[in-house]
Amino acid sequence: MTENQADNQMRVVLADDAVLLREGVRSLLEDEGISVVASVGDGGELLRAVAELQPTLAIVDVRMPPTHTTEGLEAALAIKRRFPDIGVLVLSQYVLREYATELLSTESVGVGYLLKNRVTDIDRFLESVHRIAEGGTVIDPDVVRQLLTTSEQQNTLSTLTPRESEVLEAMAEGLSNRGIGERLYVSVSSVEKAISAIFDKLGLQAGETTSRRVEAVLAYLDRE
């Protein structure tokens, strides 16, 4: 590997107290040519490794020692506050929508929330890793689908057409305009028109510091 290639290589810190899963993800990433610079088992070790090594991305389990409740999430949020340019991908065993909402509410780039079983879909998992490392947002489709069933969200987003709802769901999963078009078999210009209509219906005004795309997803994930 040349010096230039090494400079451009993605560097990842892994945090999960389940050694088998952690080492499985490590192997998967390294096979992709991604450098795993640290592999740790709790939130404290994670924060120290990120501060010292300044990776491109941290992949974090929600529940870690000592209480196995929200240590991983708290560490992820701390990373985004202190190092906003470092991507964070949170992995969870269950659909816990409040975690996705809180992570997105950091208003920073490069965040993701996926269920652990997504790791077995190797191509999609790696696509998510790269998207988050490049500053994108990825939300697990099962979280998105669950939100569609809540009456609160139905009321909030009831003005959207079925096509606009499909586009917003795909946005919440982190797809680009081209990716949305490919999924829905429509042109990129049709996607752009749908997104513009979504912004208008949700009352999202253009601003210098706030991405309307992220704000639309936050409206989609909003909770009391």
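Residues numbered from 1 in each chain as written. Predicted model: local features only at pLDDT ≥ 70, side-chain atom pairs only at ≥ 80, totals over all residues. Heavy atoms only, no water.

A.B. asks: Outline the nonpolar core, supporting the account with residue identities and numerical values.
C.D. replies: Most often, soluble globular proteins have nonpolar side chains that are buried together. Membership of the largest hydrophobic core comes to 20 residues, with the highest contact counts inside it found for L46, V50 and I79. Within the residue set of this core, elements represented by two or more residues are β1 (11–15), β2 (35–40), α3 (43–53), β3 (57–61), α4 (71–82) and β4 (87–92). Excluding its chain neighbours within four sequence positions, the residues that come into contact with L46 are V13, A15, V40, A58, V60, A75 and I79. I59, F125, V129 and I132 belong to the second largest nonpolar core, which has 19 residues in total. (Core = buried A, V, L, I, M, F, W, Y, C linked by side-chain atoms within 4.5 Å. Buried < 20%, exposed > 50% of the residue type's maximum accessible area, 1.4 Å probe, protein only. Helix = DSSP H or I, 4+ residues; strand = E, 2+ residues; numbered from the N terminus. Contact = heavy atoms within 4.5 Å.)

A.B. asks: Please give an account of the packing of helix α2 (residues 19–31) against helix α6 (residues 122–133) that cites residues and values.
C.D. replies: Axes are the key here: two packed helices are described by the angle between their axes and the distance separating the axes. The geometry of α2 relative to α6 is characterised by a closest axis approach of 11 Å and an angle of 80° between their N-to-C directions. Comparing the axis directions of α2 and α6 gives the class roughly perpendicular. Residues V25, L28 and L29 of α2 form the contact with α6, whose participating residues are I122, F125, L126 and V129. Here the contact of α2 with α6 is built from residues that sort into seven nonpolar, no polar and no charged. (Axes fitted to C-alpha atoms, helices over the stretch in contact; angles between N-to-C directions. Parallel < 35°, antiparallel > 145°, perpendicular 65-115°, else oblique. Nonpolar A, V, L, I, M, F, W, Y, C, P; charged D, E, K, R; others polar.)

A.B. asks: Describe helix α10 (residues 177–184), naming the residues involved and giving the relevant values.
C.D. replies: All of the buried residues in α10 are G179, I180, G181 and L184. Of the residues one or two after α10, Y185 is the one with positive phi, at around 60°.

A.B. asks: Lay out the environment of P84 in plain terms, naming residues and giving numbers.
C.D. replies: Here P84 shows up in the loop between α4 and β4. With 25 residues separating them along the chain, P84 and V109 place their C-alpha atoms 7.2 Å apart.

A.B. asks: Would you mind going over the sheet that holds β2 in detail, with residue names and values included?
C.D. replies: In spatial order, the strands read β2-β1-β3-β4-β5-β6; together these six strands make up an open sheet with parallel pairing. Each edge of the open sheet carries a strand with a single partner, namely β2 and β6 (137–139). Here the average twist between neighbouring strands, direction ignored, is 20°. Two strands pair when backbone bridges link them, and strand β5 (residues 111–115) and β6 are joined in this way by three bridges, in the parallel orientation. Among the inter-strand pairings, Y113 is bridged to a residue of β6, identified as I139. (Pairing = 2+ DSSP bridges.)

A.B. asks: Any details on the confidence of the model for the protein chain? Residues and values, ideally.
C.D. replies: Taken as a whole, the protein chain shows an average pLDDT of 80; of its residues, 75% reach a score of 70 or greater. Per-element confidence in the protein chain ranges from a low mean pLDDT of 49 for helix α1 (residues 3–8) to a high of 96 for β1. Across residues 1–6, where pLDDT falls below 50, the model places two contacts with residues more than four positions away in sequence or in other chains. (pLDDT = per-residue confidence, 0-100.)

A.B. asks: Any chance you could break down the side chain of R131 for me, citing the residues and the numbers?
C.D. replies: Relative to the helices and strands, R131 resides in helix α6. Engagement of the side chain of R131 in a polar contact is seen with the side chain of E127, the distance being 2.5 Å. Setting aside its immediate chain neighbours within four residues, R131 contacts G136, T137, V138, E173, G174 and L175. (Polar contact = N/O pair within 3.5 Å; in protein donor to acceptor, adjacent residues only side chain to side chain.)

A.B. asks: Describe the pattern of salt bridges, and please don't skip the residues or the numbers.
C.D. replies: Per the counting criterion, the structure on display carries six salt bridges. A salt bridge links E23 to R26; its shortest N-O distance comes to 3.1 Å. Placement of the pair is E23 and R26 together in helix α2, with a separation of three residues, close to one helical turn. Among the residues examined, E23 registers a relative accessible area of 34% and is labelled partly exposed. On the accessibility criterion, R26 (23% relative accessible area) is partly exposed. We note a salt bridge from E127 to R131, for which the minimum N-O separation is 2.5 Å. Residue E127 and its partner R131 are located together in helix α6, separated by four residues, close to a single helical turn. Judged by relative accessible area, R131 falls into the buried class, the value being 17%. (Salt bridge = Lys/Arg side-chain N within 4 Å of Asp/Glu carboxyl O.)

A.B. asks: An account of α2 is requested, with residue identities and associated values reported.
C.D. replies: Between its terminal C-alpha atoms α2 stretches 18 Å, which fits the 18 Å expected from 13 residues at 1.5 Å a residue. Along α2, the positions that sit buried rather than exposed are R22, V25, L28 and L29. All buried residues of α2 fall inside an arc of 125° around its axis, so they share one side. More than 90 degrees from the buried face of α2, the exposed residues found are L20 and D31. If you follow the buried residues of α2, they end up packed against β1, β2, β3 and α6. (Expected span 1.5 Å × (residues − 1). Arc of directions from axis to C-beta.)

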